[in-house]
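Understanding the architecture of this molecule
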Amino acid sequence: MKIGIPKEILSQEYRVSVNPETAKMLLQSSHELFIQSGAGIDSGFSDEEYSALGCIIVETASEVFDRSELIVKVKEPSFDEVEMLSNKAIFTYLHLSSSKELTQKLLDCNVTGLAYETVVINNETPMLKPMSEIAGRLSLLDSIELLKKSKGGKGKLIAGTSLVEPANVLIIGGGIVGLNAMQMSLGLGASTTLLDVNNDLLADIKAKYPAVNVAESSRQVIENILPMVDVVVGAVLTPGGKPPIVISRDMLSLMEPKTILSDVSIDQGGCFETSKATTHGDPTYEVDNIIHYCVRNIPSAVPFTATNALNEATKPFILKFANSGLNGLFEDEKLLMALNTYEGKITNEEVAIAHSLDYSDPKSL
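Below you will find a few notes about this structure.

Procedures and definitions
- Residues numbered from 1 in each chain as written.
- Predicted model: local features only at pLDDT ≥ 70, side-chain atom pairs only at ≥ 80, totals over all residues.
- Heavy atoms only, no water.
- Helix = DSSP H or I, 4+ residues; strand = E, 2+ residues; numbered from the N terminus.
- Rg over C-alpha atoms; globule rule 2.2 N^0.38 Å.
- Buried < 20%, exposed > 50% of the residue type's maximum accessible area, 1.4 Å probe, protein only.
- Contact = heavy atoms within 4.5 Å.
- Areas by Shrake-Rupley, 256 points an atom, 1.4 Å probe, with all protein chains shown as cover.
- Phe/Tyr/Trp six-rings, centres within 6.5 Å; stacked < 30°, edge-to-face > 60°.
- Pairing = 2+ DSSP bridges.
- Axes fitted to C-alpha atoms, helices over the stretch in contact; angles between N-to-C directions.
- Core = buried A, V, L, I, M, F, W, Y, C linked by side-chain atoms within 4.5 Å.
- 1 Å grid on protein atoms, 1.4 Å probe; cavity = no way out; pocket = protein on both sides within 12 Å on 5 of 7 lines; lining within 4 Å.
- Points joined across faces, edges and corners; volume = space filled by probe spheres on them.
- Nonpolar A, V, L, I, M, F, W, Y, C, P; charged D, E, K, R; others polar.
- Salt bridge = Lys/Arg side-chain N within 4 Å of Asp/Glu carboxyl O.

Turning our eyes to something else, we now look at the overall build of the chain. Within the chain one finds twelve helices and 15 strands. Relative to its length of 365 residues, the chain is compact, with a C-alpha radius of gyration of 21 Å against a globular reference of 21 Å. Considered along the principal axes of its C-alpha atoms, the chain spans approximately 65 × 45 × 40 Å. The burial tally for the chain puts 53% of its 365 residues in the buried class. When contacts within the chain are restricted to residue pairs at least 6 apart in sequence, those whose partners lie at least 24 apart make up 63%. Looking at the chain as shown, the accessible area adds up to about 15,100 Å², and 50% of this sits on carbon and sulfur atoms.

Set out below in structure tokens:
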């Protein structure tokens, strides 16, 4: 298969979808790789490194798209990229539930869209997990910065001191993002509370981490806690779907001024009503004197770590699709879960529900 790796174009997106190790594996399986010049440089991989393996380096994104059957990316494509994807396949983080416009564009251009984040195996999302780990950890580290007075925050030290109480951190969601945010919060000495709707999960977390406060998530519980918190991490996930709103606009008035809302669910549309996507270059904004941090590509801040972790998770699936093509896709139940759009149809039920569009069961196609 002819596989293209364009340079990412999202603001301050430094990751690359295929590192040299993955490239070598694909080349050894007789696939051709077309890599845009400079695609891997911010992750620490030069054009020469790819070229020495046998990859073909091309100058422009349009040449990558023109010469490839499958495009492998990190972030969702822009509208211009979708135009170049007409009748081709893409494997990336699509996050279609956050954008009806992008979903419709993929359908109109007859793109075979495969999404890392919609593959669920044994109740885990294997290709989303490594980025969730990084995002959960960085959400706490970034919040520490935002708590500083010089950054516009409350002027609190997250761990406090021997004479001053630590900051209060609320984490909503006990999945991979929430667990990693919780571990960082506890390790940094914050007073930490984690909410989830799964009581069995909460009991397990409490047994492993006695220092954390846990409770079943509900609007009433959240409203009772909000007046006391300094940082809220939104870590709610519905694989492929739009997350529920757990903090509404009217609930902002319950919080102290300069409280930080970190919405790690923003890729899928966000779990706070007032969330809107931001960038590393301009990461925050305020609504009703509450600081919102909604960067949609948090792991890009550490591209070497993030790129290599991403590749470890995605390369078996990319290789499987490249080896088998569409025929093999429809015969592989796990790989088929990645399929979100095909021949102008939505093949992921959560995406269809999010946008009130028709769903087509991929097994029937």
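For the structure shown, the criterion picks out five aromatic pairs. Ring plane angle 35 degrees and centroid distance 6.4 Å describe the contact between Phe45 and Phe304, whose orientation is recorded as tilted. With Phe45 in the loop between strand 2 (32-36) and helix 2 (47-53) and Phe304 in helix 10 (residues 303-329), this pair connects stretches of sequence that are 259 residues apart. Among the residues examined, Phe45 registers a relative accessible area of 9% and is labelled buried. Ring geometry for Phe91 versus Phe321: centroids 6.5 Å apart, planes at 90 degrees, classification edge-to-face. With Phe91 in strand 5 (residues 89-92) and Phe321 in helix 10, this pair connects stretches of sequence that are 230 residues apart. One exposure class covers both Phe91 and Phe321, and it is buried.

What follows covers the sheet that holds strand 9 (residues 213-216). On the basis of which strands lie adjacent, the open sheet formed by seven strands has the order 9-8-7-10-11-13-12 and mixed pairing. The open sheet has two free edges, formed respectively by strand 9 and strand 12 (284-287), since each of these has just one partner strand. The sheet shows a mean angle of 20 degrees between the axes of neighbouring strands, taken without regard to direction. Against the sheet, helix 6 (residues 129-147) contacts strand 7 (168-172), strand 10 (231-234), strand 11 (260-263), strand 12 and strand 13 (290-293), and its axis sits at roughly 155 degrees relative to strand 11. Running over the sheet, helix 7 (residues 176-187) touches strand 7, strand 8 (191-196) and strand 10 and is turned about 165 degrees from strand 8.

What follows concerns the nonpolar core. Counting 67 residues, the largest nonpolar core has Ile3, Leu26, Leu33, Phe91, Tyr116, Ile158 and Phe321 as its most contacted members. Beyond its immediate chain neighbours, meaning those up to four positions away, Ile158 contacts Leu140, Ile144, Leu147, Pro166, Ala167, Val169, Leu188, Gly189 and Ala190. Residues Leu170, Ile222, Met255 and Leu261 belong to the second largest nonpolar core, which totals 22 residues.

With that out of the way, let us pick up the layout of surface pockets. As a volume, the largest pocket reaches approximately 1,100 Å³. Looking at the largest pocket, it is lined by 50 residues, and the ones nearest its centre are Gly175, Ile176, Ala235, Val236 and Leu237. Mapped onto the lining of the largest pocket, the elements with two or more residues apiece are helix 6, helix 7, strand 8 and helix 9 (219-225). Looking at which element gives the most residues to the lining of the largest pocket, the answer is helix 6, with four residues. Here the lining of the largest pocket is built from residues that sort into 26 nonpolar, 15 polar and nine charged. By volume, the second largest pocket amounts to about 310 Å³. What lines the second largest pocket is a set of 15 residues, and nearest its centre among them are Met337, Thr347, Asn348, Glu349 and Tyr359. Only helix 11 (333-336) and helix 12 (349-355) provide two or more residues apiece to the lining of the second largest pocket. A breakdown of the residues in the lining of the second largest pocket according to their chemical character gives six nonpolar, four polar and five charged.

This structure, assessed with the given rule, holds 23 salt bridges. Across the salt bridge formed by Lys208 and Asp204, the nearest N and O atoms sit 3.4 Å from each other. Here Lys208 and its partner Asp204 are both found in helix 8 (residues 199-208), four residues apart, which amounts to about one turn of the helix. Classification of Lys208 as exposed rests on a relative accessible area of 57%. Here Asp332 ties to Lys320 by a salt bridge, and the two come within 3.2 Å at their closest N and O atoms.

The values are spatial; any link to function lies outside them.
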